[in-house]
Amino acid sequence: MAEDVIKTALLDRHMKEVFDWSDSDMPVRDALWDYFMEKNGRDTMKTEEDMLPFLDYSDDKIESFVNENLKK
């Protein structure tokens with residue numbers, strides 16, 4: 001069980017704690033959710049499908065995705 005917590009710890013951290021370009025208190029998980037909701041035309045089922053792989057991604061892969069897609 002502890003392994004699951006470690007694997008997703010980055011998703012639960014605030015954006016500004018992980019990314020020096022962000023000043024948001026929003027958790028990374030919520031920022032990704034909002035990104036996919038906008039991209040999918042507010043389709044919750046599609047957004048959920050897009051979010052599932054992030055539970056298995058490494059921190060580096062998540063950081064890379066966020067930097068490429070959410071950094072303004």
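Quick notes on the rules
Residues numbered from 1 in each chain as written. Predicted model: local features only at pLDDT ≥ 70, side-chain atom pairs only at ≥ 80, totals over all residues. Heavy atoms only, no water. Phe/Tyr/Trp six-rings, centres within 6.5 Å; stacked < 30°, edge-to-face > 60°. Helix = DSSP H or I, 4+ residues; strand = E, 2+ residues; numbered from the N terminus. Buried < 20%, exposed > 50% of the residue type's maximum accessible area, 1.4 Å probe, protein only. Lys NZ or Arg CZ within 6 Å of the ring centre and 35° of its normal. Salt bridge = Lys/Arg side-chain N within 4 Å of Asp/Glu carboxyl O.

Draft legend 1. Here's a closer look at the packing of aromatic side chains. In total, this model carries 7 aromatic pairs according to the counting rule given. Ring centres of Tyr35 and Phe65 lie 5.8 Å apart, and the angle between their planes is 80 degrees; this geometry places the pair in the edge-to-face category. Highlighted residues: Tyr35 in helix α3 (residues 28–39) and Phe65 in helix α5 (residues 59–69), separated in sequence by 30 residues. Overall, Tyr35 belongs to the partly exposed group, its relative accessible area being 23%. On the numbers, 5.7 Å between centres and 25 degrees between planes, the contact of Phe36 with Phe65 is stacked. You can see Phe36 sitting in helix α3 and its partner Phe65 sitting in helix α5, a full 29 residues away along the chain. Of the residues examined, Phe36 reaches a relative accessible area of 4% and is grouped as buried. Above the plane of the ring of Tyr57 lies Lys61, whose end atom (NZ or CZ) is 4.2 Å from the centre.

Draft legend 2. Fine view of the pattern of salt bridges. Counting across every chain of the model gives 6 salt bridges. The shortest N-O distance in the salt bridge between Glu17 and Arg13 comes to 3.7 Å. The class of Glu17 is partly exposed, set by a relative accessible area of 44%. Residue Glu38 pairs with Arg42 through a salt bridge whose shortest N-O separation is 3.2 Å. Exposure remark for Glu38: the relative accessible area of 57% places this residue in the exposed category.

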